[in-house]
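# A closer look at the structure
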Amino acid sequence: MRFILVSFALLVAISQTFSQNHKQMFEAIYNEGIKDKNLESIAHQLIDVIGPRLVGSPQMQMANAFVVKQYQNWNITAYNEQWGEWRSWQRGFSHIDMIYPRNSTLEATQSAWCPHLKRPIEAEVILIPDAVDSLTFDRMLPLLKGKIVMISPVDFSGRPTQSWEIFQSKEKADSVAQLRMKIKQDWAKRIRNTGFNMRTLPVKLENAGAVGIITSNWPEGWGTTRVFAAYTKRIPSIEMGMEDYSLLARFLENGINPKVKINTTSKWGGNVPVYNTMASIKGREKPDEIVLLSAHLDSWDGGTGATDNGTGTLTMMEAMRILKQVYPNPKRTIMVGHWGSEEQGLNGSRSFTEDHPELLDKISVVFNQDNGTGSINNIATQGFINAYSFFDKWLSLLPEALKGDYKMEYPGYPNVGGSDNFAFIPLGIPAFYLASTKDWNYRTYTWHTQRDTYDKIIFDELRENAIKVAMLVYLACEEPEMISREKIQMPIDLKTGKAEKWPGKGKAKRKGP
């Protein structure tokens, strides 16, 4: 009995010491994170001065160099690691004007990798024909020669659906949502009937003699549009705001053939090396084991990539700076990957897993952030069945001010894409997506839109995220063992009656566009 009592007292003392050590470290992490005054300046340099970071662009190479230099200023080992090559393209100016039936400058811009125009184009605008099938569409192609072709659906209002609920009723908002769904479904059928899709149709139209393509990807936010890639090689591909796109459509509906002038400039170069930017703090006891921070550095270039994923990049950079200051000799090695070309298919992170098979068994856990500027309060555990035991313990140790209202998804289900944590999940590596349910209208206003700019960053929540990540990384480093890789038993697919399979590994695309 005396032995049992002594052992129990010893365990209590060890637990109290353990908790006290955590408390002291958390206090140091918090104080270091709160007192720093350089985060806004670093964000300004990355997002305003360097700007959008399209893979292969000079701005992306500038960003790679800037992040390395910043880490080196903090005495953190950092380097750029080439994973492929991409043809260089740099956005110039976009001037898109309606010149008939009246003069008006339209809210529009060229898509990424848009061909350079040697001289402006002036032409009538036409909607893609509503053909009953692909053979009929082929017979209608001569009508599109010399025309600028609109290939996106036309909405009836630039007001978000939510407006009807605010100013009229929930029932009216529901009917508007149903109408919008029908518009999208009808348009999808219209595109299918051409025999092509939204990637291949522009190429077909280009080969048929069209002189320009106009799209409008409206995410139901006031004044927003999503800017993606051009698929044409010779003619301009234009992304237009919903209001002006629907204006052109209304002219056509009312028997007026509007005429538009397009003048875009861009600069093509040769193939250039593309990189992942890596940094690390070497572990003292288990240096071969790795706690990996993850955020993609690249962006689309309609805006400046502030919340997708400048905020993720800044979160991980600041977490590393804090840890270097207060936890310079971690138990395990802390590594961060600022990946390239996430937007084109997780190419940088997938390349990392392909190029470093020797590290895969040594990665204990991956913390990935790619969810805008909101405070992290949602973590899906991706089907790793024992993850709850780690996260429950870790979150219980956080200071009360940082616990918040966490929404954990246990045991979760493995992601099949979306962000760089998926580069690791098919390999059985616990890789978790740090998300926010308070997303500051991320999907509507900043995700891939021309409004994704510095002014949308909420810096107090960004600082808090860096502090949270630093605390989670510290706890993962201090764990006696690596994080469990045991996976859930996959559910039965009701269509086939067979168990679903754990997601398969994708292959990196190493040359583009």
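Relevant structure appears above.
Residues numbered from 1 in each chain as written. Predicted model: local features only at pLDDT ≥ 70, side-chain atom pairs only at ≥ 80, totals over all residues. Heavy atoms only, no water.

Broken down by element type, the protein carries 15 helices and 15 strands. Over its C-alpha atoms the protein spans a radius of gyration of 26 Å, differing by no more than 12% from the 24 Å that the globule rule assigns to 513 residues. Each of the three principal axes of the protein carries a C-alpha extent, and together these read 95 × 50 × 45 Å. Looking at the protein residue by residue over its 513 residues, the buried ones come to 53%. The long-range fraction of contacts in the protein, counting pairs at least 24 apart against all pairs at least 6 apart in sequence, stands at 83%. Summing over all exposed atoms, the protein offers an accessible surface of approximately 23,100 Å²; the carbon and sulfur share of this is 53%. (Helix = DSSP H or I, 4+ residues; strand = E, 2+ residues; numbered from the N terminus. Rg over C-alpha atoms; globule rule 2.2 N^0.38 Å. Buried < 20%, exposed > 50% of the residue type's maximum accessible area, 1.4 Å probe, protein only. Contact = heavy atoms within 4.5 Å. Areas by Shrake-Rupley, 256 points an atom, 1.4 Å probe, with all protein chains shown as cover.)

For the rest of this paragraph, the subject is the nonpolar core. Ranked by size, the top nonpolar core spans 85 residues in total, and within it Tyr71, Phe367 and Phe424 carry the most contacts. When residues in this core are grouped by element, the largest group, 12 residues, is from helix 15 (residues 459-478). Listed in part, the 20 residues of the second largest apolar core include Ile96, Leu117, Ile121 and Ile214. (Core = buried A, V, L, I, M, F, W, Y, C linked by side-chain atoms within 4.5 Å.)

Let's shift gears to empty space enclosed by the protein. In this structure the tally under the stated criterion is two cavities of 30 Å³ or more. Here the largest cavity defines a volume of roughly 60 Å³. Taken together, Ser299, Trp300, Gly302, Gly303, Gly305, Asp308, Glu343, His448, Thr449 and Asp452 form the lining of the largest cavity. Among the residues making up the lining of the largest cavity, the classes are represented as one nonpolar, six polar and three charged. As a volume, the second largest cavity reaches approximately 50 Å³. Its residues assigned to classes, the lining of the second largest cavity comprises five nonpolar, five polar and no charged. (1 Å grid on protein atoms, 1.4 Å probe; cavity = no way out; pocket = protein on both sides within 12 Å on 5 of 7 lines; lining within 4 Å. Points joined across faces, edges and corners; volume = space filled by probe spheres on them. Nonpolar A, V, L, I, M, F, W, Y, C, P; charged D, E, K, R; others polar.)

Let us look at the pattern of salt bridges. Scanning the entire structure with this criterion turns up 22 salt bridges. Its salt-bridge partner being lysine 456, residue aspartate 455 comes within 2.8 Å of it at the nearest N-O pair. According to the relative accessible area criterion, aspartate 455 is exposed, its value standing at 55%. One salt-bridge network, in which partners are shared between bridges, spans Glu32, Lys35, Asp36, Glu318 and Arg321. (Salt bridge = Lys/Arg side-chain N within 4 Å of Asp/Glu carboxyl O.)

This paragraph deals with the side chain of histidine 22. Looking at the secondary structure, you find histidine 22 in helix 1 (residues 2-35). When residues no more than four places from it in sequence are discounted, the contact partners of histidine 22 are Leu397, Tyr474 and Leu475.

What follows covers the packing of aromatic side chains. A full pass over the atoms with the stated rule returns 19 aromatic pairs. Measuring from centroid to centroid gives 6.0 Å for tryptophan 113 and tryptophan 300, while their planes differ by 75°, and the two rings are edge-to-face. Placement of tryptophan 113 in the loop between strand 3 (108-110) and strand 4 (121-127) and of tryptophan 300 in the loop between strand 9 (286-296) and helix 9 (306-326) is noted, with a sequence separation of 187 residues between them. Here tryptophan 113 matches tryptophan 300 in class, with each residue buried. Considering the side-chain rings of phenylalanine 156 and tryptophan 164, the 6.0 Å spacing of their centres and the 55° angle between planes classify their relative orientation as tilted. Members of the aromatic cluster, joined through ring pairs, are Phe367, Phe384, Phe390, Phe391, Trp394, Phe432 and Trp502. Above the face of the tryptophan 447 ring, arginine 443 is positioned so that its terminal group lies 4.5 Å from the ring centre. Over the face of the ring belonging to tryptophan 502 we find lysine 487, whose NZ or CZ atom lies 4.8 Å from the ring centre. (Phe/Tyr/Trp six-rings, centres within 6.5 Å; stacked < 30°, edge-to-face > 60°. Lys NZ or Arg CZ within 6 Å of the ring centre and 35° of its normal.)

What follows is about the environment of alanine 108. Summarising the element assignment, alanine 108 is placed in strand 3. Alanine 108 sits in the buried class, given a relative accessible area of 19%. Separated by 357 residues in the primary sequence, alanine 108 and asparagine 465 place their C-alpha atoms 34 Å from one another. Apart from the residues lying within four places of it in its own chain, the contact partners of alanine 108 are Ser94, Ile96, Ile238, Glu239 and Met240.

The volume enclosed by the largest pocket comes to roughly 740 Å³. Lining the largest pocket are 29 residues, and of these Arg199, Phe228, Ala229, Ala230 and Tyr231 sit closest to its centre. Listed by contribution, the elements that provide at least two residues to the lining of the largest pocket are strand 1 (77-100), helix 7 (201-207), strand 6 (212-215) and strand 7 (237-240). Tallying contributions element by element places strand 7 first for the lining of the largest pocket, with three residues. The volume enclosed by the second largest pocket comes to roughly 350 Å³. As for the second largest pocket, its lining consists of 16 residues, and the residues nearest its centre are Pro153, Lys184, Ser216, Asn217 and Trp218. Going through the elements one at a time, helix 6 (170-192) and helix 8 (242-253) are the ones with two or more residues in the lining of the second largest pocket. In terms of residue count, helix 6 provides more of the lining of the second largest pocket than any other element does, six residues in total.

What follows deals with the pairing of strand 7. Every second residue of strand 7 is oriented toward a common face, with Ser237 and Glu239 on one face and Ile238 and Met240 on the other, all of them buried. The sheet contact formed by strand 3 and strand 7 spans three bridges and is antiparallel. Among the inter-strand pairings, glutamine 110 is bridged to a residue of strand 7, identified as isoleucine 238. With three bridges connecting them, strand 6 and strand 7 associate as parallel partners. If you follow threonine 215 over to strand 7, its bridge partner there is glutamate 239. (Pairing = 2+ DSSP bridges.)

Bringing the environment of glutamate 171 into the picture now. As for its position among the elements, glutamate 171 is in helix 6. The spacing of glutamate 171 and arginine 199 is 28 residues in sequence and 36 Å in space, taken between C-alpha atoms.

Two numbers describe how helix 2 (residues 39-50) lies on helix 15: the axes approach to 11 Å, and their chain directions differ by 105°. Judged by the angle between their axes, helix 2 and helix 15 are roughly perpendicular. Between helix 2 and helix 15, the contacting residues are Leu39, Glu40 and Ala43 on the first element and Phe459, Leu462 and Arg463 on the second. Broken down by class, the residue content of the contact of helix 2 with helix 15 amounts to four nonpolar, no polar and two charged. (Axes fitted to C-alpha atoms, helices over the stretch in contact; angles between N-to-C directions. Parallel < 35°, antiparallel > 145°, perpendicular 65-115°, else oblique.)

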